[in-house]
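# Coordinates in review
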Amino acid sequence: MNDRKLNQLFSAAGREKPAAPADGFELLVLQQIQRNPARAELTISDVLGMWFPRLALVAATVIALCVVGDFVSSSDSPSLSDSASQLSDQMLVEN
Amino acid sequence: MTAVAIYLGAPPSRRQALACFGERRADKLKRGLQSERPVSDDAELIERIRAGAHEEYAELVRRHQSHVFAILYRYERDHHRLEDLAQDTFLKAWRSFAQFDGRAPFQHWLSKIAVHAALDHLRKQKRSQNEIGFAELGEDALDWLHNEDKQTDLDASQAREILSAAMRKLSPEDQLVLTLLEIEDRSGKEISALTGWNPVTVRVRALRARARLKKALEGLEKK
């Protein structure tokens, strides 16, 4: 079996016409659904999966806003380490 | 499958099917199918189904049934079993309807379900049969197979016969990848999207599957 013959086989098989569904097929499907009505309800992971890109974008935006906010607020007021050292200096002086 | 029971005699007529479905719902469905307000868009139809108009699912099935049959008939030649497989596909789609997020067209989503249904079907078949069905090949197919210099075009059904016989030697995954790539002429990217396998896996699997098929066909030639 050479490649030419194999390709000929594939292309001939590809020309086969698909079988057509019988008339009323959609009604048979509905009958099946009626007999097996269970339909998956949305689980939390489904909802998260559906919202994933949007949720990720919103979360990234919130994080970025927090970082920027913290940066801006920290430039006006003394940093936490400054405040801590100031407090410890005061305590040393008082003692 | 229940459809097999339905098909013990002649396929049920539309009226019989409607009677089975229940008078009230059938009336509603008939009205829906004859459509006082035709819904041109899948998205709108899907919204209506989600809102509780479950009968509208018949219209969605009607729109996409040919596409699903076109995917599945490559894996099942018997018409009744093919119809069972297609019903199974639409039933699975119904059951996971909530997971359809509308980011891709409904047909793409349905194609994935059909491909996975085909893979499950091949796995079930593989468990029950493993031998190459040489005896099933017709005379013309055998003649083409044995004649190295045969230049004439091979008939589509003969080609299908030969491939079905040889593919039984392959794993279900190999059969699927060869069918999608070589017979349906789909790209690696498409196959990757349909199967969920990564593109490298698709390429490697296709190469190996082709080599295995060649070997199986050579086995047939020698018989």
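Residues numbered from 1 in each chain as written. Chains lettered and ligands numbered in written order. Predicted model: local features only at pLDDT ≥ 70, side-chain atom pairs only at ≥ 80, totals over all residues. Heavy atoms only, no water.

### Here we look at the overall build of chain B
Test applied: Segments assigned H or I by DSSP are reported as helices when at least four residues long, segments assigned E as strands when at least two residues long, and all are numbered from the N terminus. In this scheme, a residue with accessible area under 20% of its type's maximum is buried, one over 50% is exposed, and one in between is partly exposed, where area comes from a 1.4 Å probe on protein chains only. Note on contacts: a residue pair qualifies if any of its non-hydrogen atoms lie within 4.5 Å across the two residues. All accessibility values rest on the Shrake-Rupley procedure with a 1.4 Å probe; residue burial counts only the protein chains present in the view.
For chain B, the helix and strand inventory stands at 12 helices and 0 strands. Reading the secondary structure of chain B in the N-to-C direction produces α-α-α-α-α-α-α-α-α-α-α-α. Taking all 223 residues of chain B together, 46% fall into the buried category. Pairs at least 24 residues apart make up 63% of the contacts formed inside chain B by residues separated by at least 6 positions. Summing over all exposed atoms, chain B offers an accessible surface of approximately 11,600 Å²; the carbon and sulfur share of this is 49%.

### Overview of the overall build of chain A
Helices and strands together make up the secondary structure of chain A, namely 4 helices and 0 strands. Starting at the N terminus and ending at the C terminus, chain A contains elements arranged as α-α-α-α. Sorting the 95 residues of chain A into buried and exposed places 23% on the buried side. Carbon and sulfur atoms provide 67% of the accessible area of chain A, an area that totals close to 6,500 Å².

### Structural notes on the confidence of the model for chain A
Note the following rule: The quantity called pLDDT is the predictor's confidence in a given residue, expressed from 0 to 100.
Taken over all residues, the pLDDT of chain A has a mean of 83, while the share at 70 or more is 86%. Per-element confidence in chain A ranges from a low mean pLDDT of 82 for helix H3 (residues 44-76) of chain A to a high of 90 for helix H2 (residues 25-35) of chain A.

### Focus: the pattern of salt bridges
All names here are of chain B. Selection criterion: We count a salt bridge whenever a side-chain nitrogen from Lys or Arg sits within 4 Å of a carboxyl oxygen from Asp or Glu.
One pass over the structure, following the stated rule, counts 19 salt bridges over all chains. The closest approach of N and O atoms between Glu 184 and Arg 186, which form a salt bridge, is 2.7 Å. In this structure, Glu 184 and Arg 186 share a single accessibility class: buried. Each of Asp 88, Lys 92, Asp 120, Arg 123 and Glu 173 takes part in a single network of salt bridges with overlapping partners.

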